Amino acid sequence: MSQIQQETYDVVIVGGGAAGMMAAGTAAQNGYRTLLLEKNPRLGRKLIITGKGRCNLVNNCDVPTVIASIPSNGRFLYGAVSKFSPQDVMAFFEDLGLPVKTERGNRVFPQSDNSRDVVDTMVKFVRDHGAEIVTGTAEHLLFEEGAIAGISLKDGREIRTNHVILCCGGLSYPVTGSTGDGYRLAKQAGHMITDLRPSLVPLVANGRDCSALQGLSLKNVAIQVYDTRKKHIIYEDFGEMLFTHFGLTGPIILSASSHMREMESGRYEVALDLKPALTVEQLDARLQRDFEKNLNKDFINSLSELLPRKMIPVLVAKSSIAPDTKCNQITREARRKFAELLKGVRISIKGFRPIEEAIVTSGGVCVKEINPKTMESKLVPGLYFAGEVMDVDAYTGGFNLQIAFSTGRLAANSLYQASKGERI
């Protein structure tokens, strides 16, 4: 990264993640003297670790599906996503020489399966269009007559500009630089910050069952999340999950966490259907056949063909059948109840893991104070927002990066149109 080459820029973008790089490259492409300010020595540190190092770029679906996958203020993003859709994002990277592929669940990855290729492509996009990249931490926004006039850095440097785009991320993964700087700067402009909480985050479970199952991965499991206060199911999903020493994680668990908006110990229960392809009747028939094959075996020793080894003692303990009961002594009623247990293993949730472990932060700059057509502040002319710093978050599957790319693109293009007197 270079030193500041001049004191005045048309636009300063704060934050060199997905939204910031998209905004910086687009603004420079549109002819703006552009400065991208990043506190880390390298851009895109959070992008590097997304998708387990593969980077789930986007979800190859239509715009309504994207909006439906954003539980926090999805409608606010309709214009941004419509103008830079999943197909536009895919074409963007393909045109820059990064081939992409669509996998299960319409998740889009680079063909190389290497997130560093995504970062390198975006950095090249920024540099090739002439944006300057500078290392530094934004300390204060500068105002004149109620509008943006510049920004001061922690080391005392001042940069004059009429446009600032805040792309600082949230509070998740602070090691990547997401330490809440954007909220601090937004407050200086008078913006309200809604309650910050983890989203797409592992769940801490009550009891000891999960720790006993630590390390066990389930690849074809269905879940339901039950709100014990409102007494109804709030979320259902199918896919992969993992037991840990503290509770539950994995793709379907992370997505489920974004629906648990008022977390308190015991309020939510996750019910696991371990055999989603079978009805209770079909599973009962399967158990009957297994028991007939193992008539003189103890119950606990008859389940190895049906369940993972580590799970057997935990489920036997939850059943009404003593472990040493011979299979030929298990009643029809007891067998049926065990089948029902396998179709709905309930795990009481204690809470979320710390926000630092969340994939994204839920909450942020209140979207009621942002123009959805431009991403410009309704309070301070010249101040724009993009990405996770706003009160928008989505499920797993590439939807959060879609938000970053679409809002970064819209903010930068709105600067271009505003300069021509074409407010949209």
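The structure we're discussing is the one just above.
The shown structure was predicted, so the numbers you read here are calculated from the model rather than taken from an experiment. (Residues numbered from 1 in each chain as written. Predicted model: local features only at pLDDT ≥ 70, side-chain atom pairs only at ≥ 80, totals over all residues. Heavy atoms only, no water.)

**What to know about the pairing of strand β10 (residues 158-161)**
The side chains of a regular strand alternate between the sheet's two faces. Of the two faces of β10, the one lined by Ile159 and Thr161 is fully buried and the one lined by Glu158 and Arg160 carries no buried residue. Direction of pairing for strand β1 (residues 8-9) relative to β10: parallel, over a ladder of two bridges. Within the sheet, the bridge partner assigned to threonine 8 lies in β10 and is arginine 160. In this sheet, β10 lies alongside strand β9 (residues 147-153) in antiparallel orientation, the contact comprising three bridges. (Buried < 20%, exposed > 50% of the residue type's maximum accessible area, 1.4 Å probe, protein only. Helix = DSSP H or I, 4+ residues; strand = E, 2+ residues; numbered from the N terminus. Pairing = 2+ DSSP bridges.)

**Considerations on the pattern of salt bridges**
The full count for this structure, using the stated rule, is 26 salt bridges. A salt bridge links glutamate 388 to lysine 46, with the nearest nitrogen and oxygen atoms 3.0 Å apart. Note that glutamate 388 is positioned in the loop between β20 (383-385) and α13 (399-419) and lysine 46 in helix α2 (residues 45-49), a separation of 342 residues in sequence. The residues glutamate 388 and lysine 46 share a single accessibility class, namely buried. (Salt bridge = Lys/Arg side-chain N within 4 Å of Asp/Glu carboxyl O.)

**Let's talk about the side chain of threonine 194**
With respect to the secondary-structure elements, threonine 194 resides in the loop between α7 (181-188) and β12 (197-199). Classification of threonine 194 as buried rests on a relative accessible area of 18%. Not counting residues within four places of it along the chain, the set of residues in contact with threonine 194 comprises Gly363, Gly364, Cys366 and Asp391. (Contact = heavy atoms within 4.5 Å.)

**Things to note about the sheet that holds β1**
Taken in spatial order, the four strands of this open sheet run β1-β10-β9-β8, and their pairing is mixed. Looking along the sheet, the strands with just one partner apiece sit at the ends: β1 and β8 (138-144).

**Some details on helix α6 (residues 115-128)**
Look at α6: 20 Å from first C-alpha to last across 14 residues, which is about the 20 Å you get at 1.5 Å a residue. Among the residues making up α6, those that are buried are Ser115, Val118, Val119, Thr121, Met122, Val123, Phe125 and Val126. In this structure asparagine 114 caps α6, since a side-chain oxygen of it lies 2.9 Å from the backbone nitrogen of arginine 116. Of the residues one or two after α6, glycine 130 is the one with positive phi, at around 95°. (Expected span 1.5 Å × (residues − 1). Polar contact = N/O pair within 3.5 Å; in protein donor to acceptor, adjacent residues only side chain to side chain.)

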